[in-house]
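Structure assessment
Given next are the chains, with one letter for each unit.
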Amino acid sequence: MMSQKTLVMGVIGADVHAIGNKILEYAFKQAGFKVVNLGVMVSQEEYIKAAIETAADAILVSSLYGHGEMDCRGLREKCDEAGLENIPLYVGGNLVVGKTPFEEVEKKFKEMGFQRVYPPGTPPEVTIADLKKDLGVDG
Amino acid sequence: MQAVLLIDFGSTYTKVTAVDLNSESILGTAKAFTTVTTDINEGLKNAVEVLHSQIGGTDYTAKFACSSAAGGLKMVAVGLVPDLTAEAAKRAALSAGARVMKVYSYELSTKEVEEIHKLKPDILLLTGGTDGGNKNVILHNAKMLSQIEGNFPVVVAGNKSVAEQVGDLLKQSDKEVRICENVMPEFNVLNIEPARAAIREIFLRRIIQAKGLTKVQSLIDGILMPTPSAVLNAAHRLAAGCGNEKGIGELMVIDVGGATTDVHSIAGGEPARAGVIVKGLPEPFAKRTVEGDLGVRYSASALIEAAGIELVGKRSGLPAEEIMRYVNKISEQPEILPEQDEKLSLVDYGLTSVAVKFAVERHAGKIETSYTPFGVTYLQTGKDLTGIKKIIGTGGPVINSKNPTGILKEAMFESTHPSILKPQSAEFLIDKKYILAAMGLLSENYPEVAIRIMKKELQVL
Ligand code: B12
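Scoring rules and cut-offs
Residue numbers here run from 1 along each chain, matching the order of that chain's written sequence. Labels follow written order: the first chain is A, the first ligand is 1, and so on. At least 70 in pLDDT is required for a residue's local features to be given in this predicted model, at least 80 for side-chain atom pairs to be given and counted, and no such filter applies to totals for whole chains, interfaces and linings, which use all residues. Heavy atoms throughout the structure, all of them, feed into the side-chain values; hydrogens and water do not. Proximity is defined per residue: if any heavy atom of the residue lies within 4 Å of a molecule or strand, that residue is considered near it. In DSSP terms, a helix is any run of H or I states spanning at least four residues, a strand is any run of E spanning at least two, and both are numbered starting from the N terminus. Any residue that is not Ala, Val, Leu, Ile, Met, Phe, Trp, Tyr, Cys, Pro, Asp, Glu, Lys or Arg is counted as polar, Gly included; the first ten are nonpolar and the last four charged. The predictor attaches a confidence to each residue, called pLDDT, with possible values from 0 through 100. Here the term donor refers to an N, O or S atom within 2.8 Å of the metal (or 3.2 Å for Na, K and Ca), and because water is left out of the atoms, sites may appear incomplete. Note on contacts: a residue pair is in contact if any heavy atoms of the two residues lie within 4.5 Å. Once two parts are joined, some of their accessible surface, as seen by a 1.4 Å probe, is lost; buried area is that loss totalled over both. Just to be clear on terms, a salt bridge is a Lys or Arg side-chain nitrogen sitting within 4 Å of an Asp or Glu carboxyl oxygen. Contacts described as polar in this section are N or O atom pairs within 3.5 Å, which, within protein, must combine one atom able to donate a hydrogen with one able to accept it, while residues neighboring in sequence count only if both atoms come from side chains. Here an axis means a line fitted to C-alpha atoms, over the contact stretch when the element is a helix, while the angle between two N-to-C directions is reported on a 0 to 180 degree scale. Relative orientations are named as follows: roughly parallel for angles under 35 degrees, roughly antiparallel for angles over 145 degrees, roughly perpendicular for angles from 65 to 115 degrees, and oblique for any other angle. In short, DSSP must find at least two bridges between two strands for them to pair. Note on exposure labels: buried denotes an accessible area under 20% of the residue type's maximum, exposed denotes more than 50%, and partly exposed covers the range between, all computed with a 1.4 Å probe on protein chains only. Pairing of aromatic side chains here covers Phe, Tyr and the six-membered ring of Trp, requires ring centres within 6.5 Å, and sorts the geometry by plane angle: under 30 degrees stacked, over 60 edge-to-face, intermediate tilted.

**Remarks on the site of the ligand**
Residues and elements named next belong to chain A. Taken together, 22 residues lie near the ligand, and V16, H17, A18, S62 and L64 sit nearest. Mapped by element, the contributors of at least two residues to the shell around the ligand are α1 (19-30), β3 (58-63) and β4 (89-93). When grouped by side-chain class, the residues that make up the shell around the ligand number 13 nonpolar, eight polar and one charged.

**Description of the confidence of the model for chain B**
Per-residue confidence for chain B averages 91 on the pLDDT scale, and 96% of its residues sit at or above 70. At the level of chain-chain contacts, confidence expressed as ipTM amounts to 0.80, with global pTM at 0.83.

**Description of the coordination of the cobalt atom of the ligand**
Its sole protein donor being H17(A) (NE2), the cobalt atom of the ligand sits 2.2 Å from that atom. With respect to the element layout, H17(A) can be found in the loop between β1 (6-11) and α1.

**Some thoughts on the interface of chain B and chain A**
Each partner contributes to the interface: chain B provides 23 residues, whereas chain A provides 17 residues. With both sides pooled, the region where chain B packs onto chain A buries about 1500 Å², and carbon together with sulfur makes up 64% of that total. Viewed at the interface, chain A and chain B are joined by three salt bridges. In this structure, E46(A) and K279(B) form a salt bridge, with 3.4 Å as the shortest nitrogen-oxygen distance. Where chain B packs against chain A, one counts 10 residue pairs in polar contact (both at pLDDT 80 or more). Put simply, the parts of the chain that give the side of chain B that touches chain A at least two residues each are β15 (276-279), β17 (366-372) and β18 (375-381) of chain B.

**So, the packing of helix α15 (residues 436-445) of chain B against helix α16 (residues 447-457) of chain B**
Residue and element names in this part refer to chain B. With their axes 6 Å apart at the nearest point, α15 and α16 run at an angle of 150° to one another. As judged from the angle between their axes, α15 and α16 are roughly antiparallel. When α15 is examined against α16, the residues L436, M439, L442, S443 and N445 are found in contact with a partner set consisting of P447, V449, A450, I453 and M454. Each residue belonging to the contact of α15 with α16 can be placed in one class, and the counts come to eight nonpolar, two polar and no charged.

**Quick word on the sheet that holds β4(A)**
Residue and element names in this part refer to chain A. Pairing is parallel in the open sheet, where five strands are placed in the order β2-β1-β3-β4-β5. Every interior strand has two partners, whereas the edge strands, β2 (34-37) and β5 (116-117), have only one. Relative to β5, β4 is paired through two bridges, and the arrangement is parallel. Note that in β5 the partner of Y90 across the bridge is R116. The strands touched by α1 within the sheet are β1, β2 and β3, with β1 carrying the most contacts at an inclination of about 170°. Contacts between helix α2 (residues 44-54) and the sheet are confined to β1, β2 and β3, with β1 contributing the most and set at about 165° to the helix.

**What to know about the pairing of strand β19 (residues 390-394) of chain B**
Residue and element names in this part refer to chain B. In terms of burial, β19 is largely enclosed, as four of its five residues are buried. Pairing geometry for strand β13 (residues 251-256) and β19, over five bridges, is parallel. Across the sheet, the residue bridging to M252 is I391, located in β19. Where β19 lies against strand β20 (residues 427-430), four bridges are found, and the strand directions are parallel. For G393, the partnering residue across the bridge sits in β20 and is I430.

**A closer look at the packing of helix α11 (residues 320-332) of chain B against helix α12 (residues 342-363) of chain B**
All names here are of chain B. Contact pair α11 / α12: the axes reach a minimum separation of 10 Å and the direction vectors enclose 90°. By the angle between their axes, α11 is roughly perpendicular relative to α12. Here E322, Y326 and I330 of α11 come into contact with α12, specifically with K343, L344, V347 and L351. Considered class by class, the residues forming the contact of α11 with α12 number five nonpolar, no polar and two charged.

**Some remarks on unusual backbone geometry**
Residues and elements named next belong to chain B. The backbone of K120 shows a phi angle near 45°, a positive value even though the residue is not glycine. Note on placement: K120 falls in the loop between α3 (110-119) and β7 (123-126). We classify K120 as exposed; its relative accessible area is 56%. The phi dihedral of Y434 falls on the positive side, at around 60°, and the residue is not glycine. Tracing the backbone through its elements, the reader meets Y434 in the loop between β20 and α15.

**Considering the packing of aromatic side chains**
The full count for this structure, using the stated rule, is three aromatic pairs over all chains. Measuring from centroid to centroid gives 6.2 Å for Y90(A) and Y118(A), while their planes differ by 45°, and the two rings are tilted. Within this pair, whereas Y90(A) is found in strand β4, its partner Y118(A) is found in the loop between β5 and α6 (124-135), the two being separated by 28 residues in sequence. With respect to burial, Y90(A) and Y118(A) carry one shared label: buried. With a centroid separation of 5.1 Å and 25° between ring planes, the pair formed by Y13(B) and F33(B) is classed as stacked.

Shown next, in the form of structure tokens:
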């Protein structure tokens, strides 16, 4: 048996949208991951500390309230600084603000060091399939 | 009559308390200087003589003791992330009644290992990683620690996946190793009881022997625990009750001493209002914090440094130069007491008040208001103590003060610092006969009697 992969997840910044976070936790657990859910209003430092202590395999960031770009900036650099150079960063929720096309948003987040960026309404199954591929879990 | 003798081997005094189990009352209390360098029994014999000169000779059905003699239980804690496993390790050590000299996190450096060697801990607690989590750091730290000559025992309470490997590394350097459950088995889940129990077991078996306290073991039924954990025990019993004896509800104990100020809170600490998001490690119901820089004798100059001379001046009503003169004097002669010296009693009042203020501020939870573009949200870290209704003062400087109410008021909520979650309206009680540690010992075997005696003896101010 493959050893269980650990995911650190949470809703970043001053964002209190809690429902999607719970649904994702449930979905990832069902898919066989060990989930460390930091809940809502999570600071960049909290993700990093949790990932170090639990030797996490990926960090999944949610942002629903429209300030994702601001809140996520610098997370990659801080991870690198803390010795998490290779940890994959995923981000999703409502990252599109106003009429900006998703491709532009995606490009911006990728430049900020996120491996995978999801448009609003992405079902958990898509992310789970990506995780299995990226982390080398056989589906 | 059915008398029990309770003994507290302190760093300066050996204190004895005689209790009658039948009438559930204190027969008497007495103290004498601790004699740890020669034979600790002498100090005990002297204290008992003083006691018996007051209450007459007595036979005891049992004798129990706690100890903070010979420096107490000195510990070093090592973890991974400072506010996760390192903090969990610190809390486990504190709850075992230890004096935590230093906490280390991440990979230990050569310099830090040398420092640990010099600190000569009685026990080292090594943690790091959740179960299945980080392995490298605790393995690295075990390797580093195995290079230290000192053969202090190590309690290993980290990632279970490498616990045996960690143990083997440490055993290479002849250290006694006790492996127990992880202090943080899952992220943000505290599990400090197994480590606490392991620390206590080693304390009883090894430390007491190393400190020359075994000679008394034959005379008494056992040294049960370090003194601070006896106080925590008493506070916990008094708050929660036992069997048919109801507790008095959530409370705080503030214990000011010459070297440290201890604060114990027995309370859930959940947010008092709705809509507050709690962050950080879960808080233990019975929590102890120790401030090594807030004491009124050995640590008096550290207290001045931490709190500022202005505040001590304001509380004592004396000019700065006068306070400094006294602080220098009491740091050199910690045994002098304010009885004959009116000014020293003012200085003591100032120091004690400020010690209480700062110690409670550090112990209490904090609430942070975060103004987002969409309104206000509240983040709480630590325990919300605003709802606590009882504050108990103990320790010589509080008990012997002419104005204990003034001192304990420093523990209260301040509208000028609303982010510090201190009690908003509470009754003050005072441990006039200095019996809390003794009651903590008694409650190991007679919890209901101990609770009833505390209810009788703690005076409402
Ligand atoms: C309920 C709600 C609230 C509640 C939240 C209650 C709570 N404690 O959860 C309250 C009233 C508090 C609230 C407040 C606000 N809200 Co609101 N809220 C909503 C609402 C109606 C539903 C959210 C929800 O629960 N959806 C259901 C869950 C299951 O879906 P989800 O959250 O999107 O999560 C899923 C996906 O996004 C995805 N996902 C999420 N994260 C990630 C991460 C990864 C890596 C991946 C792969 C996928 C993924 O998977 C999740 C599960 O399927 C939405 C509108 C909507 N219909 O979505 C607005 C909405 C999110 N809110 C919005 C706004 C603007 C606000 C406020 C700023 C309003 C204000 N001006 O005060 C505040 C912000 C407060 C704050 N500090 O966070 C906007 C955000 C606009 C934007 N991003 O451009 C929305 C979209 C409404 C709108 N159309 O304007 N809100």
